[in-house]
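Structural description and commentary
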Amino acid sequence: MSYSAFRIFKEAITGHKGWKPVWRKPEPQLNYDIIIVGGGGHGLATAHYLASKFDKKRIAVLEKGWIGGGNVGRNTTIIRSNYLLNDNEGFYEFSLKLWEGLEQDVNYNAMVSQRGVLNLYHSDPQRDAYVRRGNAMILNGADAKLLKADAVRSLYPFLNFDDARFPIMGGLLQPRGGTVRHDAVAWGYAHAADKRGVDIIENCEVTGFDIQNGCCVGVETSRGYIGASKIGVAVAGNSSRVMAMAGIRLPIESHVLQAFVSEGLKPLLDGVITYGAGHFYVSQSDKGGLVFGGDIDGYNTYAQRGNLPVVEDVCEGGMSLMPMIGKARILRMWGGNVDMSMDGSPIIDKTDIKGLYFNGGWCYGGFKATPASGYSFAHLLATDTPHDTAKAYRMDRFTRGLMIDEKGMGAQPNLH
Ligand SMILES: Cc1cc2nc3c(=O)[nH]c(=O)nc-3n(C[C@H](O)[C@H](O)[C@H](O)COP(=O)(O)OP(=O)(O)OC[C@H]3O[C@@H](n4cnc5c(N)ncnc54)[C@H](O)[C@@H]3O)c2cc1C
């Protein structure tokens, strides 16, 4: 089915009896041309672009749980393209452009809201670093504006400007950044891919790879064996576990990242703000809750739940940036499993096993990458060549010394 204003009107006057499931529930077939392992945002976007832009058929997405149950439905919904390094900035700007046309492309309301992302600075060197970053963004076709303290104060007078350990001196604003309703992204891509004949198979865990003479020809799953000519893995926080089944050891650690939502408040914050003197970012949802988060929990885990020291750290960041947040109660919090690569940048590449492709290492910033990641992975799977914007995301960059170290922090996931 397709969605339109006319459809909403028709359903409203006919008792909402005509709505159909957003995607089918097909039984797995014995064989496909292309299998995507992982029905998160990246896997579903890959399937959608394979079918819609590369005219591929006989595609299946295998998801061990339910659609939207992974990080695609657990993140803090922020999208932006404010990177410094050329290898990243071109890719994330491509992603932001795809976000801008996403709802029309997939015929689904994902509540793409370009409400602006403001990174605050608190010292002269930090301002200089943001000037450099803003210029790099503009050179790559993105938008960036440097705001002084007065301009930030007129936007958000409630922030802690003067009576703070790190007074706010200004900010780097990307007006085209913003938020997108996270689970609607999964539903939208699933809807569009399903419409083009992609089989989305839930409750189907991949438990092994069938590798014969260096070539991957199928997968073992909890619902039986499925053969395929090409297999793309996009399982985010489970990357190292899944690729280990093919004998591949990745330069990735899995960590938990937590998110928090306050009780509903009156409209207060119409954009996204990130604190430059600590790890804290916040926006306000359409229901009024402040949606915020901070750093990863600093230990390796595959669990989707976090621990109290990080809760304390995030709340401290919030209190020092906007002290009145202390009066709001936290309504909900949860954790997601993020795949931290050793330089903080992702991998979209073939593997040494013919027919097996990998997409991962998104750290805690892969939601904004969803459209470009799906497009680039589809490009790689369809043509066996990397997409122009994703050429640097090679697996062997760690052995060749070509790290894309955006934050200059080295091989330390807890610092990215
Ligand atoms: C709390 C939190 C906040 C975040 N905030 C932001 C943000 O504001 N902005 C941003 O850009 N990014 C953010 N991120 C990161 C972003 O959510 C992830 O990088 C991105 O969603 C990962 O890609 P995905 O959507 O494909 O992952 P997922 O949705 O996790 O998809 C992977 C899927 O693979 C499935 N799977 C795993 N193993 C198997 C198997 N063996 N067989 C079959 N299926 C399998 C899983 O069940 C899962 O559904 C955040 C992450 C978290 C946890």
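Only a predicted model underlies this, so the values are computations on that prediction, with no experimental measurement involved. (Residues numbered from 1 in each chain as written. Predicted model: local features only at pLDDT ≥ 70, side-chain atom pairs only at ≥ 80, totals over all residues.)

Topic: the site of the ligand
Selection criterion: A residue counts as near a molecule or strand when its C-beta atom, positioned from the backbone, falls within 6 Å of it. In this text, helices come from DSSP runs of H or I with a minimum length of four residues, and strands from runs of E with a minimum of two, each type numbered from the N-terminal end. Domain ranges listed in this record stem from an automatic or a database domain assignment.
Inspection of the region around the ligand gives 40 residues, with Gly38, Gly40, Gly70, Gly336 and Gly366 positioned closest. Of all the secondary structure elements, the ones that give two or more residues to the shell around the ligand are helix H2 (41-52), strand S12 (252-264) and strand S16 (330-341). In terms of domain composition, the shell around the ligand takes at least three residues from each of domain 1 (24-81 + 84-107 + 182-251 + 345-415) and domain 2 (117-177 + 253-341).

Things to note about the sheet that holds strand S14 (residues 281-284)
Sheets are built from strands paired through backbone hydrogen bonds, the pairs being either parallel or antiparallel. Selection rule: For two strands to be treated as a pair, DSSP must find no fewer than two bridges joining them. Interaxial angles span 0 to 180 degrees and are taken between N-to-C directions of axes, which are lines fitted to C-alpha atoms, for helices over the stretch in contact.
Sheet architecture is open: eight strands sit in the order S5-S6-S4-S13-S14-S15-S12-S16, paired in mixed fashion. One side of each edge strand has no neighbouring strand; the edge strands of this open sheet are strand S5 (145-148) and S16. Across the sheet, the mean angle separating the axes of adjacent strands is 25 degrees when strand polarity is ignored. Relative to strand S6 (residues 170-174), strand S4 (residues 117-121) runs antiparallel, the two being bridged by five bridges.

Re the domain arrangement of the protein chain
To keep things clear, this is the line we draw: Once C-beta atoms are placed from the backbone, any two residues with those atoms within 7 Å are in contact. Each residue gets one of three labels, nonpolar for Ala, Val, Leu, Ile, Met, Phe, Trp, Tyr, Cys and Pro, charged for Asp, Glu, Lys and Arg, and polar for the others, Gly among them.
Domain assignment breaks the protein chain into domain 1 (24-81 + 84-107 + 182-251 + 345-415) and domain 2 (117-177 + 253-341). One C-alpha centre belongs to domain 1, the other to domain 2; they are set 27 Å apart. Each partner contributes to the interface: domain 1 provides 32 residues, whereas domain 2 provides 32 residues. Put simply, the parts of the chain that give the side of domain 1 that touches domain 2 at least two residues each are strand S3 (78-79), helix H3 (86-100) and helix H8 (239-244). For the side of domain 1 that touches domain 2, the leading source of residues is H3, giving five residues. Split by residue class, the side of domain 1 that touches domain 2 holds 12 nonpolar, 15 polar and five charged.

Focus: unusual backbone geometry
Unusually for a residue other than glycine, Thr77 sits at a positive phi of about 70 degrees. The topology assignment puts Thr77 in the loop between strand S2 (59-62) and S3. Backbone geometry at Cys363 places phi at a positive 55 degrees, although glycine is not the residue there. Following the sequence through the fold, Cys363 ends up in the loop between strand S18 (356-360) and helix H10 (370-383).

Digging into the pairing of S6
Filter applied, for reference: Residues are called buried when their C-beta atom has 20 or more other C-beta atoms within 10 Å, exposed when it has 12 or fewer, and partly exposed otherwise; all C-beta atoms are positioned from the backbone.
Most of S6 is tucked away: five of the five residues are buried. Alternating positions in S6 separate into two faces, Gly170, Leu172 and Gln174 on one and Gly171 and Leu173 on the other, with burial throughout.

Some remarks on the environment of Lys10
Its location among the elements puts Lys10 in helix H1 (residues 5-13). Note on Lys10: 12 C-beta atoms within 10 Å, which makes it exposed. Expressed as a C-alpha distance, the spacing of Lys10 and Leu146, which sit 136 residues apart in the sequence, is 47 Å.

As for the pairing of strand S10 (residues 215-221)
Relative to S10, strand S9 (residues 206-212) is paired through six bridges, and the arrangement is antiparallel. Following the sheet pairing, Asp210 is matched in S10 by Gly218. Remark: two residues form the turn of the hairpin made by S9 and S10, two consecutive strands paired antiparallel; Asn213 in that turn has positive phi of roughly 50 degrees. Bridge count for S10 against strand S11 (residues 224-233) is four bridges, and the pairing is antiparallel. Each residue of the ladder has a partner; that of Val219, found in S11, is Ile226. Turn length for the S10-S11 hairpin, with the two strands adjacent in sequence and antiparallel, is two residues.

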